[in-house]
Amino acid sequence: MKIGTPKEIFAGEARVAMTPASAKELQKLGHECMIEAGAGVLAGFADADYAAAGVEVVKTAAALWKGADVVAKVRAPDAGEMKKLRAEQTLISFFSPVADEANMQAAAKKGATVVAMEMIPRISRAQKMDALSSMANIAGYRAVIEAGNNFGRFFTGQITAAGKVPPAKVLIVGAGVAGLAAIGTSTSLGAITYAFDVRPEVAEQVESMGAEFVYLDFEEEQQDGAATGGYASVSSPEFREAQLAKFREMAPEVDIVITTALIPNREAPEIWTADMVAAMKPGSVIIDLAAEKGGNCKQTVMDEKIVTENGVTIIGYTDFPSRMATQASTLYATNIRHLLTDLTPDKDGVINHNMEDDVIRGATIAHGKEVTFPPPPPKVAAIAAQKKKPAPKELTREEKAAAEVAAFKQQTKNQVTLLAVGGALLLAVGLVAPASFMQHFIVFVLAVFVGFQVIWGVAHSLHTPLMAVTNAISSIIILGALMQIGSGSFLVILLAALSVFMCGINIFGGFLVTRRMLAMFQKS
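Note that the structure is a prediction, hence the values are computed from the model and not measured.

Draft legend 1. Focus on the overall build of the chain. Along the backbone of the chain there are 16 helices and 17 strands. In the chain, which comprises 524 residues, the proportion classed as buried is 41%. Put simply, of all contacts in the chain between residues at least 6 apart along the chain, 63% involve residues at least 24 apart. As displayed, the chain has an accessible area near 28400 Å², and 62% of this comes from carbon and sulfur atoms.

Here's what the structure looks like:
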């Protein structure tokens with residue numbers, strides 16, 4: 001089939017849904033590729049690059065829509081493009097089924113198939129097609145860069161001959177894909193970074209990236225969004241009030257606020273109120289990534305930058321991914337390519353729209369002259385919600401002491417039993433084995449026992465498998481090889497030397513790998 005990508009007609013959109021690299025991969029699936037002339041220019045991909053990749057460059061959008069069996073684009077189609085959509089044709093793009101219900105109905109009536117990229121289920125198998133995450137990742141990174149461009153100081157603290165510069169304080173509200181990307185960028189630039197999310201399970205992720213998670217002094221259990229497709233759930237009014245109180249406390253101290261709170265197909269919640277903006281220092285910056293859905297700050301003006309009376313800059317741009325068009329196009333085209341790989345299971349250039357597949361069914365909003373939105377819940381949960389363990393019963397001091405004594409007695413009993421059984425076995429072997437064998441055997445048993453106790457006493461978080469059992473075994477082998485390396489047999493000497501060499505690689509390699517793994521979690 002022919003996969004075609006038209007030039008985006010949305011004002012200011014610089015992305016493109018097909019790159020020369022993705023076109024080569026699509027051709028391996030048996031497809032032919034088409035692109036409208038100039039479609040990739042704003043993203044840094046010339047028509048000559050596509051032609052060199054074997055892509056047919058057509059002059060007009062009308063010719064592309066007419067010749068392509070599958071049309072892949074970025075933005076949702078407008079009324080003019082919907083007229084060009086024909087029966088049996090497949091459209092793959094962002095296509096909000098709630099906001100564009102009329103176009104969805106029109107596509108179904110025509111008999112066309114529409115795959116909405118923002119409807120890709122958030123399950124593990126579909127991560128490679130998750131265009132929302134790809135674009136959110138870029139938006140989070142770009143938000144920090146845009147904040148730095150409008151902030152009058154360094155992110156990192158500096159001590160210079162001209163004086164001391166304090167580090168910037170950045171608050172990121174929402175620790176989803178965009179939030180985590182913003183956290184990583186902010187901390188790497190040296191800012192003191194705070195992050196908040198209504199899902200308490202993300203606190204470890206935030207702290208592992210060098211930011212400080214903002215906890216609320218709130219008795220009610222925080223909302224768990226793990227089972228809602230990876231998004232935060234709607235909070236209770238009491239929780240929201242506690243959240244706003246915490247933000248009001250932090251507002252005078254932070255220099256940059258990046259808000260990312262947004263649930264698909266809903267208006268953005270207000271989390272940074274007018275009084276918080278008024279409490280911020282002059283020169284502070286707010287980046288509102290939810291501006292397209294009303295904004296987390298109601299003073300945000302979509303697609304504009306404003307400065308408040310007290311000197312706070314509020315940015316409501318909605319085209320952050322488009323501002324990094326080359327990178328965004330590369331990631332989005334890869335998402336499209338992975339989706340088409342699933343749609344072409346036999347790699348024969350024939351689309352097999354399998355509505356029994358969770359990913360394909362979840363993303364399809366129109367198929368077979370029917371509207372297929374909303375989809376049924378996927379057979380595999382997006383993120384398995386952790387089962388809450390019942391709180392352990394509080395014990396009195398006397399009960400705790402009694403429990404500790406009982407545990408010590410049981411441990412002592414087990415140790416005595418093991419020693420008795422081990423002694424009996426050694427005695428049984430000694431009755432039939434020669435004295436020379438028993439001498440070596442007792443040393444071997446003691447070495448194994450000591451090695452086991454040493455390795456078993458190390459916490460699992462402090463070593464990898466290479467530094468655990470394998471290192472203990474390798475050490476025993478080296479000791480045995482060293483005892484045999486003085487043998488009179490050349491073959492024995494050779495085997496012993498090889499054993500020492502290979503076990504040495506295993507031991508030292510284990511230490512090096514572990515050191516590199518631990519370094520990944522250390523702050524520079």
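Draft legend 2. The pattern of salt bridges, seen in detail. Applying the stated criterion to the full structure yields 17 salt bridges. Of the charged contacts, one joins Glu-13 and Arg-75 as a salt bridge, the two residues approaching to 2.8 Å between their closest N and O atoms. In this pair, Glu-13 is assigned in the loop between β1 (2-5) and α1 (20-28) and Arg-75 in the loop between β4 (70-72) and α4 (79-84), connecting sequence segments 62 residues apart. A residue is classified by how much of its surface remains accessible, and Glu-13, at 4% relative accessible area, is buried. Since its relative accessible area comes to 17%, Arg-75 is described here as buried. Of the charged contacts, one joins Glu-81 and Lys-73 as a salt bridge, the two residues approaching to 3.5 Å between their closest N and O atoms. Assessed through its relative accessible area of 4%, Glu-81 is described here as buried. Exposure remark for Lys-73: the relative accessible area of 1% places this residue in the buried category. Residues participating in the shared-partner salt-bridge network are Glu-8, Lys-73 and Glu-81.

Draft legend 3. Region of the structure containing a nonpolar patch on the surface. Together, Phe-490, Leu-491, Leu-494, Leu-495, Leu-498, Phe-501, Met-502 and Ile-505 line one region of the surface with nonpolar side chains, adding up to about 860 Å² of accessible area. By the element assignment, Leu-498 lies in helix α16 (residues 490-519). In this structure Leu-498 comes out as partly exposed when scored by relative accessible area, which is 39%.

Draft legend 4. Local environment of the sheet that holds strand β12 (residues 256-259). One open sheet holds the seven strands; their spatial order is β11-β10-β9-β12-β13-β15-β14, and the pairing between them is mixed. Bordering the open sheet on either side are β11 (212-213) and β14 (305-307), each of which pairs with just one other strand. Both strand β10 (residues 192-196) and β11 contribute to a ladder of two bridges, which runs parallel. Residue pairing in the sheet places Tyr-194 in a bridge with Glu-212 of β11. The strands that helix α6 (residues 131-150) touches are β12, β13 (285-288), β14 and β15 (313-315); relative to β13, the one it contacts most, it runs at about 150°. Seen against the sheet, helix α9 (residues 237-250) touches β9 (169-173) and β10 and runs at an angle of roughly 165° to β10.

Draft legend 5. Quick look at the packing of α1 against helix α11 (residues 325-343). Packing of α1 against α11 leaves a shortest axis separation of 9 Å and a crossing angle of 5°. Considered as vectors, α1 and α11 are oriented roughly parallel to each other. Along its contact with α1, which presents Ser-22, Glu-25 and Leu-26, the element α11 presents Ala-333, Arg-337 and Leu-340. Tallied by class, the residues present in the contact of α1 with α11 amount to three nonpolar, one polar and two charged.

Draft legend 6. Region of interest: the pairing of β13. Where burial is concerned, the two faces of β13 agree: the one with Val-285 and Ile-287 and the one with Ile-286 and Asp-288 are both buried. Inspection of the sheet shows β12 paired to β13 by four bridges, in the parallel sense. Across the sheet, the residue bridging to Ile-256 is Val-285, located in β13. Here β13 pairs with β15 via three bridges, running parallel. Residue pairing across strands places Val-285 opposite Thr-313, the latter belonging to β15.

Draft legend 7. Looking closely at the sheet that holds strand β3 (residues 56-58). Taking strand neighbours across the sheet as the criterion, the eight strands line up as β3-β2-β1-β4-β5-β6-β16-β17 in an open arrangement whose pairing is mixed. The sheet terminates laterally at β3 and β17 (370-371), the two strands that pair on one side only. Sheet topology note: the β1/β4 ladder contains two bridges and is parallel. Paired with Ile-3 across the strands is Val-70, a residue of β4. Where α11 meets the sheet, it contacts β1, β4, β5 (90-93) and β6 (113-116), and its direction lies at approximately 145° from that of β5.

Draft legend 8. Spotlight on the packing of aromatic side chains. Taken as a whole and assessed by the stated rule, the structure comprises eight aromatic pairs. When the centroid spacing of 5.5 Å and the interplanar angle of 20° are considered together, the rings of Phe-94 and Tyr-332 count as stacked. Taken together, the positions of Phe-94 in the loop between β5 and α5 (101-110) and Tyr-332 in helix α11 put the pair 238 residues apart, joining distant regions of the chain. Given the relative accessible area of 1%, Tyr-332 is considered buried. Pairing Phe-151 with Phe-155 gives two aromatic rings, centres 6.5 Å apart and planes at 80°, and the pair type is edge-to-face. We note that Phe-151, like Phe-155, is buried.

Draft legend 9. Representation of the confidence of the model for the chain in the model. Summary statistics for the chain give a mean pLDDT of 87 and a share of 88% for residues scoring 70 or more. Low pLDDT, under 50, characterises residues 222-228; the predicted model gives this stretch 27 contacts beyond four residues in sequence or across chains. Predicted confidence is poor over residues 382-389, with pLDDT under 50, and the contacts of this stretch with residues over four places away or in other chains come to 11 contacts.

Draft legend 10. A look at unusual backbone geometry. In this chain, Phe-373 is followed by Pro-374 through a cis amide linkage whose omega measures 0°. Looking at the secondary structure, you find Pro-374 in the loop between β17 and α13 (397-432). One non-glycine residue with positive phi stands out, namely Lys-369, at about 60°. With respect to the element layout, Lys-369 can be found in the loop between β16 (364-367) and β17. Looking at Lys-369, the relative accessible area reads 61%, which means it is exposed.

Draft legend 11. Main features of the nonpolar core. Val-55, Ile-92, Met-117, Tyr-332, Leu-339 and Leu-340 are the most contacted members of the largest nonpolar core, which totals 41 residues. For this core, the element with the highest residue contribution is α11, accounting for seven residues. Those residues in contact with Leu-339 that sit more than four places away from it in its chain are Ile-92, Val-115, Met-117, Ile-120 and Met-129. Ala-147, Val-170, Ala-182 and Leu-289 belong to the second largest nonpolar core, which has 30 residues in total.

Rules used in this analysis
- Residues numbered from 1 in each chain as written.
- Predicted model: local features only at pLDDT ≥ 70, side-chain atom pairs only at ≥ 80, totals over all residues.
- Heavy atoms only, no water.
- Helix = DSSP H or I, 4+ residues; strand = E, 2+ residues; numbered from the N terminus.
- Buried < 20%, exposed > 50% of the residue type's maximum accessible area, 1.4 Å probe, protein only.
- Contact = heavy atoms within 4.5 Å.
- Areas by Shrake-Rupley, 256 points an atom, 1.4 Å probe, with all protein chains shown as cover.
- Salt bridge = Lys/Arg side-chain N within 4 Å of Asp/Glu carboxyl O.
- Patch = residues over 30% accessible without salt bridge, like charges linked within 9 Å, V, L, I, M, F, W, Y side chains within 5 Å.
- Pairing = 2+ DSSP bridges.
- Axes fitted to C-alpha atoms, helices over the stretch in contact; angles between N-to-C directions.
- Parallel < 35°, antiparallel > 145°, perpendicular 65-115°, else oblique.
- Nonpolar A, V, L, I, M, F, W, Y, C, P; charged D, E, K, R; others polar.
- Phe/Tyr/Trp six-rings, centres within 6.5 Å; stacked < 30°, edge-to-face > 60°.
- pLDDT = per-residue confidence, 0-100.
- Core = buried A, V, L, I, M, F, W, Y, C linked by side-chain atoms within 4.5 Å.

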